[in-house]
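Residue-level structure breakdown
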Amino acid sequence: MLEKDQTAPDFQNPLALLRACHGRVERFAELAARIADHLGDQGMPEDAAATAAGRVLRYFDQAAPLHHADEEADLLPRLRARLPEPAPPALRQLVSGLEAEHQRLDDHWQGLRPLLARIAQGEAVSADFRARAEAFRDAQLDHLARENRWILPAAEQHLRAADWDAIGNAMARRRGVGQNTQTAGEAPS
């Protein structure tokens, strides 16, 4: 819950939105792995596991693809164009490789998703659920750590106000909301 003097970031502050999205990705990836602790004998889910699985499904089916689109369609192309020459090779390589990395994250998701759907329906899953969920979580956390360490600070340093305005407007349009009418806390991201 927000303290009185805090507000949820809105589309006028896309950098804060991206950071908030990263926090949600981390929380839901962790939740996916913790579900394994709530599977009973023969992989039968407890009620709490079924509820949590539904929440993870909604997040990674709806909000996470929007976040990847924010980065791939708006943030990364603008950052790539603004990086000074010579930019650190590791940063330039990371910027160039993130779309492929998003695809690998989606591949992890597609392997885990059917198992979470079964859990959400109260059905038993195979013993490999824990390994898949932990691999999914670890891939997400590794990805986020590098984006938080390299990409977001580079964007903060090199992007201009006009870039941020365009990114915020695109994020709002992608979610079907007007920039000044809704905060990101109310929109999936």
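My aim in this report is to walk through the structure given alongside it, one point at a time. (Residues numbered from 1 in each chain as written. Predicted model: local features only at pLDDT ≥ 70, side-chain atom pairs only at ≥ 80, totals over all residues. Heavy atoms only, no water.)

1. Considerations on the overall build of the protein
We count it as follows: Put simply, DSSP marks the helices as runs of H or I at least four residues long and the strands as runs of E at least two long, and each gets a number from the N terminus on. Only heavy atoms enter the contact rule, under which two residues are in contact if any of them lie within 4.5 Å. Computed with the Shrake-Rupley method and a 1.4 Å probe, the accessible areas treat only the protein chains shown as cover for residues.
Across its full length, the protein carries five helices and zero strands. Mapped in sequence order, the helices and strands of the protein form the string α-α-α-α-α. Intrachain contacts of the protein at a sequence separation of at least 6 include 77% that bridge at least 24 residues. Approximately 10,000 Å² of the protein is accessible, and the part contributed by carbon and sulfur atoms is 49%.

2. Considerations on the pattern of salt bridges
Pairing is possible between side chains of opposite charge, provided their charged atoms come close. This is how it is decided: Within this document, salt bridges are pairs made up of a side-chain nitrogen of Lys or Arg and a carboxyl oxygen of Asp or Glu, the two lying within 4 Å of each other. Summary of the burial criterion: residues with accessible area below 20% of their type's maximum are buried, those above 50% are exposed, and those between are partly exposed, where the area comes from a 1.4 Å probe applied to protein chains only.
Under the counting rule described, the total for this entry stands at 15 salt bridges. Across the pair aspartate 37 and arginine 130 runs a salt bridge, and its minimum N-O distance is 3.0 Å. Placement of the pair is aspartate 37 in the loop between helix H1 (14–34) and helix H2 (47–82) and arginine 130 in helix H4 (residues 129–158), with a sequence separation of 93 residues. Residue class for arginine 130 comes out partly exposed when judged on its relative accessible area of 34%. Arginine 174 is paired through a salt bridge with aspartate 74; the nearest N and O atoms lie 2.6 Å apart. Of this pair, arginine 174 sits in helix H5 (residues 161–174) while aspartate 74 is found in helix H2, placing the two residues 100 residues apart along the sequence. Judged by its relative accessible area of 26%, arginine 174 falls in the partly exposed class. Classification of aspartate 74 by relative accessible area gives buried; the value is 11%. Sharing partners across several salt bridges, the network here consists of Asp70, Asp74, Arg174 and Arg175.

3. Regarding the environment of arginine 80
For arginine 80, the location among the structural elements is in helix H2. Judged by its relative accessible area of 32%, arginine 80 falls in the partly exposed class. For the pair arginine 80 and histidine 158, spaced 78 residues apart in sequence, the C-alpha to C-alpha distance is 9.6 Å. Ignoring any residue separated from it by four or fewer positions in sequence, one finds arginine 80 in contact with Arg92, Val95 and Ser96.

4. Structural notes on H5
Keep this limit in mind: The length a helix should cover is 1.5 Å for every residue beyond the first.
The terminal C-alpha atoms of H5 lie 20 Å apart, and with 14 residues this matches the ideal 20 Å at 1.5 Å per residue to within 8%. Elements that come into contact with the buried residues of H5 comprise H1, H2 and H4. Looking one or two residues beyond H5, the residue adopting positive phi is glycine 176, at roughly 75°.

5. Remarks on the layout of surface pockets
In this approach a probe as big as a water molecule rolls over the atoms, and the regions it shows empty are the leftover space. Spelled out, the test is: Here a cavity is any set of points on a 1 Å grid over the protein atoms alone where a 1.4 Å probe fits but cannot get out, and a pocket is any open set with protein on both sides within 12 Å along at least 5 of 7 lines; a residue lines the site when it has an atom within 4 Å of a point. Grid points are joined across faces, edges and corners, and a volume is the space filled by probe spheres set on the points.
As a volume, the second largest pocket reaches approximately 190 Å³. Lining the second largest pocket we find 14 residues, and of these Phe60, Ala64, Pro65, His68 and Asp106 sit closest to its centre. For the lining of the second largest pocket, the secondary-structure elements that each account for two or more residues are H2, helix H3 (89–120) and H4. It is H2 that contributes the most residues to the lining of the second largest pocket, six residues altogether.

6. Some details on the side chain of aspartate 70
Where we set the bar: Polar contact criterion, stated in full: a pair of N or O atoms within 3.5 Å, where within protein one must be able to donate a hydrogen and the other to accept it, and residues adjacent in sequence count only if both atoms are side-chain atoms.
Structurally, the position occupied by aspartate 70 is in helix H2. Polar contacts involving the side chain of aspartate 70 include one to the side chain of arginine 174, which spans 2.5 Å. Ignoring any residue separated from it by four or fewer positions in sequence, one finds aspartate 70 in contact with Leu18, Leu75, Met171, Arg174 and Arg175.

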